[in-house]
Amino acid sequence: MPRPSRRTVLATGSALGGTLLTGGLPAQAGAAVPETRTQAQSDPWRAVLDDADLVWRRMPATWYEGPFLGNGFLGSGIYAEPGAATRAVRFNVQHSEVQDHRPEFGSLFGLARLPIGHFTLEPVGTITGLHWRLGLRDAELTGTLTTDRGTLALRALVHNDRSVLAVEVTPSAGERDFRWVFHPAEAISPRAAFKPLPDGYRGNPPAEVAEYDGVSAAVQPLLAGGQHVTAWRERSTGRARTLYVHVAHSHPGSTALDRALTAVRRTSPLPYSLLAVTHRAWWHAYYRKSFLSLPDARMQRFYWIQLYKTASAARRDAPVMATSGPWLEPTPWPNTWWNLNAQLEYWLIHGSNHLELDAITRSLSELRDNLAQETPPPYRADSLGIPRTTDPTLRNSAADPLTGYGVGIPGQDPPTPEVGNLTWALHNVWLSYRHTMDESILRDVLYPLLRKAINYYLHFLEPGPDGKLHLPATFSPEYGGDSRDCNYDLMLLTWGCRTLLDAAELLGVDDALAPRWREVLARRAAYPTDSNGFMIGADIPFAKSHRHYSHLLAVYPLYELTGRTSEERALIERSLAHWVGFEGALQGYTFTGAASMSALLGKGEDALRYLEELMSRFVQPNTMYKESGPVIETPLSAAQSLHDMVCQSWGGTIRVFPAVPAAWADVTVHGFRTQGAFLLSAVREAGVTRWVRLTSEAGAPCVVRHGITGPVEVRDGRGRPLRHSDAGDGAIHIALRAGDSALITPRGVRPDLTIAPVRANGEAPRWGLDAE
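Peer 1: Would you mind going over the overall build of the protein with me for this structure?
Peer 2: What the protein contains, in helices and strands, is 19 helices and 34 strands. The C-alpha atoms of the protein give a radius of gyration of 26 Å, which matches the 28 Å a tight globule of 772 residues would have. Here the C-alpha coordinates of the protein stretch approximately 75 × 70 × 45 Å along the principal axes. Per-residue burial for the protein yields a buried fraction of 63% across its 772 residues. In the protein, the proportion of contacts linking residues at least 24 apart, taken out of those at least 6 apart, comes to 69%. Here the protein displays about 26500 Å² of accessible surface, and carbon together with sulfur accounts for 50% of that area.

Peer 1: Please explain the sheet that holds strand β25 (residues 654-656) as it appears in this structure.
Peer 2: The strands making up a sheet associate through hydrogen bonds between their backbones, and the pairing can be parallel or antiparallel. In space, the 5 strands of this open sheet follow the order β24-β25-β29-β32-β31, with mixed pairing throughout. Looking at which strands have only one partner, the edges of the open sheet turn out to be β24 (647-648) and β31 (724-728). With 4 bridges connecting them, β31 and strand β32 (residues 731-734) associate as antiparallel partners. Counterpart to H724 in the pairing with β32 is I734.

Peer 1: Help me understand empty space enclosed by the protein in this model?
Peer 2: Once rolled over the atoms, a probe with the size of a water molecule shows which space is left empty. This model, assessed by the stated rule, comprises 4 cavities of 30 Å³ or more. Its volume calculated, the largest cavity comes out at about 270 Å³. In this structure, the largest cavity is lined by 20 residues; those nearest its centre are H435, Q640, D644, S649 and Q675. Among the secondary structure elements, those contributing two or more residues to the lining of the largest cavity are α9 (348-351), α12 (421-436), α19 (633-646), β24 and β26 (667-674). For the lining of the largest cavity, a count of residues per class yields 8 nonpolar, 10 polar and 2 charged.

Peer 1: When you look at the sheet that holds strand β27 (residues 678-685) in this model, what are you seeing that I'm missing?
Peer 2: An order of β15-β26-β27-β28-β33-β30 is seen for the 6 strands of this open sheet, with the pairing classed as antiparallel. Bordering the open sheet on either side are β15 (291-293) and β30 (712-715), each of which pairs with just one other strand. Neighbouring strand axes in the sheet, compared pairwise and without regard to direction, differ in orientation by 20 degrees on average.

Peer 1: What is the right way to read the packing of helix α13 (residues 439-458) against helix α15 (residues 514-523) from this model?
Peer 2: Each pair of packed helices gets described by two things: the angle between the helix axes and the distance between those axes. Look at α13 against α15: their axes get within 12 Å of each other, and the N-to-C directions meet at 60 degrees. Classified by the interaxial angle, the pair formed by α13 and α15 is oblique. Helix-helix and strand crossings are classified by hand; for α13 and α15 the assignment is left-handed. Along its contact with α13, which presents Y447, R451, I454 and L458, the element α15 presents R516, W517 and V520. Tallied by class, residues from the contact of α13 with α15 come to 5 nonpolar, no polar and 2 charged.

Peer 1: What is the right way to read helix α14 (residues 487-507) from this model?
Peer 2: Think of an α-helix as 3.6 residues a turn; residues three or four steps apart then line up on the same face. Compared with the 30 Å implied by 1.5 Å per residue over 21 residues, the 30 Å span of α14 between its first and last C-alpha is a close match. Burial within α14 is extensive, with 18 of its 21 residues counted as buried. Two residues or fewer after α14 comes G508, characterised by a positive phi angle close to 70 degrees.

Peer 1: What should I look at first to understand the environment of V445 in this one?
Peer 2: Mapped onto the secondary structure, V445 falls in helix α13. Taking relative accessible area as the criterion, V445 reaches 6% and is therefore assigned buried. Apart from residues no more than four positions distant in its own chain, V445 is found in contact with T361, S365, R368, V429 and S440.

About the thresholds
Residues numbered from 1 in each chain as written. Predicted model: local features only at pLDDT ≥ 70, side-chain atom pairs only at ≥ 80, totals over all residues. Heavy atoms only, no water. Helix = DSSP H or I, 4+ residues; strand = E, 2+ residues; numbered from the N terminus. Rg over C-alpha atoms; globule rule 2.2 N^0.38 Å. Buried < 20%, exposed > 50% of the residue type's maximum accessible area, 1.4 Å probe, protein only. Contact = heavy atoms within 4.5 Å. Areas by Shrake-Rupley, 256 points an atom, 1.4 Å probe, with all protein chains shown as cover. Pairing = 2+ DSSP bridges. 1 Å grid on protein atoms, 1.4 Å probe; cavity = no way out; pocket = protein on both sides within 12 Å on 5 of 7 lines; lining within 4 Å. Points joined across faces, edges and corners; volume = space filled by probe spheres on them. Nonpolar A, V, L, I, M, F, W, Y, C, P; charged D, E, K, R; others polar. Axes fitted to C-alpha atoms, helices over the stretch in contact; angles between N-to-C directions. Parallel < 35°, antiparallel > 145°, perpendicular 65-115°, else oblique. Left-handed = near helix turned anticlockwise from the far one by under 90°. Expected span 1.5 Å × (residues − 1).

Honestly, that's just the spatial picture; any functional story needs more than this.
Following this line, the structure appears as C-alpha cells:
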C-alpha cells in the first residue's frame, strides 16, 4: 500500500471518548497494595503508583528536593525554612493567576507572576528527623516530623476542586503547642533579584494582615489596582488541627478578599478526611486513563511522577504553565516562555490520554485578540505572532529586552526577530487535533491562527538570484545572531504551509492563499546544511555548544524529515552527533531532544543512554530541574521521550515499540492515545511483541507497524476475523469504524490479554531523599 497522503493523515471525524479495558481488568481500584502477580493484575495502577511514591527520610533543603502539591492554580512546595532547618518547615503558597498588571514594564517585570508568601510549621522542639511520603495515587503528603519534644503526624493536599491547601497535623503531647505563621512575600517581580530594574519600576506596597470574623487574611494591594489575598483558618478535631488556605486574585477590582474568605469559610467546616474523598476520586480517575510499565524501576517511577507533576501544574482552564508551573520560586523567568518551554511542557498529555490538561489550545483560541496586539503594527491586519515570553493572557508589551522580548520583524534588529514561536505553539494544537480528530480544533483554532502565523512570513519571503524564495535574517532560539534562511523559521514555515493546505482540503475551504502556500513549498530555499549537518542558517554554521534544537525542528517534533532515504538518515545522524558533541552549554532538554530523535531513528539504546545521562546529570531528587532558576519543561519532555520509545504515530502510521532497548525485554502499554484518535494497548514479553490492540474513536485510517514477527491474525472486539491488508515496511492497514477495535496477534496464538506491571530488572532507589 502506498504511503498515505497528508490529507488522509489529517482526515476524519471527531473524538468520541471512552477508555479501552482488556479482559479481566476491573474498573475500580483494589483495596490493598499488590504484592503478587495476581494482585498486581487486579489493580495494576495501584501497583505502579504505590511503587512510584516519593519518600523522604531527611529534611529537604530546597524546592528541588522537597514534596510538591498543586492543582494547576494553587501550588505548594515543602522544605526546610532557610536558615532555620531544625526549627521550622516551609509550606510555600503560590498561584498561577497571581501577577502584576503594569504593561509599561513588560512581561518580565510589569506583568510578571508575583510571589505570595509561605507558612512555617513551627514545632515546640528542635526537629531531629522525619519520614514523609508523597503518595501519587492520592496526591497527598503524609508522614511524621520528629522533634526532641515529640512528634507531629501530618497529612497535606491541595484540593483538586476547591483549590484549598489543607494540612492536618496531629501532635503528640509534647508538641501540642506547635504553631503556624504566615510570611507574606514582597510583591515584586522575581526577576528583580537577577536583572536591573527598569527605570521607574518599584515593588508593590506591603501586604496587610488582619482577621475577618475568625478567618485571617493577608491582603496584597497592587499599584495597578486590584489585589491578591491569602486567607486561612485553623480548625481542631480532637487532637488534630487542620490549616485551610485559599488564594484569590482580582484586577482591576478588589473582589479577591471576599472570594478568599468565602472559600475558607465554606471549606474549613469539612474534616480533612471528608475533604480528601472527592480529591482522591479525581486523581484515581485521572491515572486510569492510560498505563505504562517498564522493567527499569527508576525510569518507571520517574514517568508516573511526571504524570502527577503535570496534573499538579496544568488544567485546561488554568494559565499555560509558566517556567516553574504554579510553584513560583526565585527565578529570572517569572512568566510563560514560548520558544520551547510551553511546547515541551504539554507534549506528554497526548500519548498519556490527558487532553483535559490542554491549556495551550484553549489559551491561543480564547486570547487570540491579545496576540494581535503583540504583532508589529504594520502587519496586524492579517498576521499574528507570539513573543518569546508572555503573561497568562498572552501579553508582553515589552519596550526593550530588559522588560521582555517582543515579536520582531525579519531583517531588523532590534527587537530580536524571533518570529517562529506561534507556529511552533500551533504544532501543539495540531497534535491535540490529531490525537482526538476533533474537527472543531482544526476549524476554529488551528486553521485561522496558523493562517495568520504563516501570513507573517509571507510578507518577507523574497526571490533570490537562484529563483528560490528566501527569508531575511531571523533568530534561532537561543544560539545568538540573526541569519538569512534560518532553519528554525524555514522548517516551521514548511510545516505550516503543508498543514494549511491539508486542512483547507479537509475543511472544504477554497482559500485564496492556497496558491501562495503551494509556491512556498515548491520554491522555498533548501534547509542550509554543511559537512556537519544542519546549520543555524545560511549565514551561521552550527559551531558552538548549544542546548536548544531549534535548528532541528524538521526532524523533531515536526517529523518533516524522518530518514526515509539513506541520505536523509545520514544527514539526521550527522546533525545529531554534531549537536550533542559540543559540551559546555548542553542542558537537560538537550538530552530529551536527542533521545526522541534517536527513537525516531529506531535507536533505542541511544535513546536510553541520553535519558540516563539526563537523570544522572540534571534531574533533582524530587524529579524537578533547574537552569539558574526553576524550570519544569525538561522532566516533562523526558516523559514524552519515553512515549517516543514505546509508541510513535507520525505520518499516518502507528508504530508499536519502535525504539525499545534490549534491557527492556518486557513492556506494557495500555490506553495510549495516538494520532488518528486510537487507543493503543500492547504487551512485549521476553523481547517479543505478544499482542497489540487498537480501538478507534473517530474511524480514521488505521495503519499500524505492529512489530510482531511472522504471520498475524487480526480479530475484532467479538473475536471474529477482521479484514486487513499489507501496507508495506512491516505495517498493515485495518478498516476500523468509530468505536471498533482490532486485536493483532501471531497467527494461531491466543495470548493472555491481562494488563499488569512488568517485573523490574533490579532494585532502584526511590525518588526523594534517603537518610544520610
